[in-house]
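Given next are the chains, with one letter for each unit.
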Amino acid sequence: MSEDIFDIVDAQDCVVGSAPRSYVHANKLMHRASHVLMFKNCEGTDMILLQKRSATKDKYPLAYTTSCSGHVDSGEDYDTAVIREMFEETGLSITLSDLKKIGKVTPCSETENEFTFVYEMQCSGDEKFSPPADEVASLDWVSVADFEKMIRENQQDFTPSFLRIYKFWKNSKS
């Protein structure tokens, strides 16, 4: 299997080159990712979909992360990547009209030097997920209140990028 190629970007998020995933990560080069926070309302309770990473992931195995996330491949834009990642990680075929654009997180240690575009999706609850076992251990609906309690009590159970992105999303609501 060939290695993913990522665009390398500058501080203004302009493409300045491309390289294999391993090289980009090893050298902490700025690159891009898209993340989706998925929500539904169930009998008056706001729920968030947590993705538990598979045990075979090279970083943060079995940690919770955003509902759907992934790198932007070379030549892609954020919107194209999020549609692709949603299908790859959840099995859902969506369009951009299914998503609300929240904004972009600038590169930092928590995001592993990624510009990260954040999206929100309101779900009906009727979605039929089919995540690949080699990528995703589970997709779990959790009340937002319980999720925030989990963060306070067991922060180590979450990827640093998820914690940063959730904080960014929450700040966008105030």
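See the structure shown above.
Draft legend 1. Region of the structure containing the nonpolar core. If you look at the biggest cluster of nonpolar residues, it comprises 20 residues, and the most contacted ones within it are Val36, Met38, Met86, Leu99, Tyr119 and Met121. Of all the secondary-structure elements, those providing two or more residues to this core are strand S3 (31–42), helix H2 (78–90), strand S8 (114–122) and strand S9 (136–143). Look past the residues within four positions of Leu99 in its chain and what remains in contact with it is Val36, Val82, Met86, Ile94, Tyr119, Glu120 and Met121. The next biggest cluster of nonpolar side chains, apart from the first, holds 18 residues, and it includes Ile151, Phe158, Ile165 and Phe168.

Draft legend 2. Summary view of the packing of aromatic side chains. A full pass over the atoms with the stated rule returns 10 aromatic pairs. Consider the rings of Phe129 and Trp141, whose centres lie 6.5 Å apart with planes at 50°: the pair is tilted. Of the two residues, Phe129 is situated in the loop between S8 and S9 and Trp141 in strand S9; the sequence distance between them amounts to 12 residues. With a relative accessible area of 24%, Trp141 lands in the partly exposed category. A centroid spacing of 5.7 Å and a plane angle of 75° characterise the contact between Phe147 and Phe158, whose relative ring orientation is edge-to-face. One end of the pair, Phe147, is in helix H3 (residues 144–153); the other, Phe158, is in the loop between H3 and helix H4 (160–172), and 11 residues separate them in sequence. Looking at Phe158, the relative accessible area reads 3%, which means it is buried.

Draft legend 3. Inspection of the packing of H3 against H4 at higher detail. For the pair H3 and H4, interaxial distance at closest approach is 12 Å and the crossing angle is 130°. When the interaxial angle is binned, H3 and H4 end up oblique. The handedness of the crossing between H3 and H4 is left-handed. Taken together, the residues of H4 that come into contact with H3 (itself represented by Val144, Phe147, Glu148 and Ile151) are Phe162, Leu163, Tyr166 and Lys170. Along the lines of polarity and charge, the residues of the contact of H3 with H4 split into six nonpolar, no polar and two charged.

Draft legend 4. Spotlight on H2. Relative to the 18 Å expected for 13 residues at 1.5 Å per residue, H2 spans 18 Å between its end C-alpha atoms, a close match to the ideal helical length. All buried positions along H2 are accounted for by Tyr78, Asp79, Ala81, Val82, Arg84, Glu85, Met86, Glu89 and Thr90. Among the residues of H2, the N-terminal cap falls to Asp77, whose side-chain oxygen and the backbone nitrogen of Asp79 are separated by 3.3 Å. Positive backbone phi, approximately 85°, marks Gly91, located one or two places after H2.

Draft legend 5. Region of interest: the environment of Val36. Relative to the assigned elements, Val36 resides in strand S3. Relative accessible area serves as the criterion here: at 0%, Val36 is assigned to the buried category. Taking the C-alpha atoms as reference, Val36 lies 9.5 Å from Glu85; in sequence the two are 49 residues apart. Aside from chain neighbours lying at most four places away, what touches Val36 is Thr66, Ser67, Cys68, Val82, Met86, Leu99, Tyr119 and Met121.

Draft legend 6. Looking closely at the environment of Thr95. The residue Thr95 is located in the loop between H2 and strand S7 (100–105) in this model. When the C-alpha positions of Thr95 and Asp79 are compared, they lie 9.3 Å apart, and in sequence the two are 16 residues distant. A polar side-chain atom of Thr95 sits 2.8 Å from a polar atom in the side chain of Ser97.

Draft legend 7. Representation of the pattern of salt bridges within the structure. Scanning the entire structure with this criterion turns up 11 salt bridges. The structure contains a network of salt bridges with shared partners spanning Asp73, Glu76, Arg84, Glu85 and Glu88.

What counts as what
- Residues numbered from 1 in each chain as written.
- Predicted model: local features only at pLDDT ≥ 70, side-chain atom pairs only at ≥ 80, totals over all residues.
- Heavy atoms only, no water.
- Core = buried A, V, L, I, M, F, W, Y, C linked by side-chain atoms within 4.5 Å.
- Buried < 20%, exposed > 50% of the residue type's maximum accessible area, 1.4 Å probe, protein only.
- Helix = DSSP H or I, 4+ residues; strand = E, 2+ residues; numbered from the N terminus.
- Contact = heavy atoms within 4.5 Å.
- Phe/Tyr/Trp six-rings, centres within 6.5 Å; stacked < 30°, edge-to-face > 60°.
- Axes fitted to C-alpha atoms, helices over the stretch in contact; angles between N-to-C directions.
- Parallel < 35°, antiparallel > 145°, perpendicular 65-115°, else oblique.
- Left-handed = near helix turned anticlockwise from the far one by under 90°.
- Nonpolar A, V, L, I, M, F, W, Y, C, P; charged D, E, K, R; others polar.
- Expected span 1.5 Å × (residues − 1).
- Polar contact = N/O pair within 3.5 Å; in protein donor to acceptor, adjacent residues only side chain to side chain.
- Salt bridge = Lys/Arg side-chain N within 4 Å of Asp/Glu carboxyl O.

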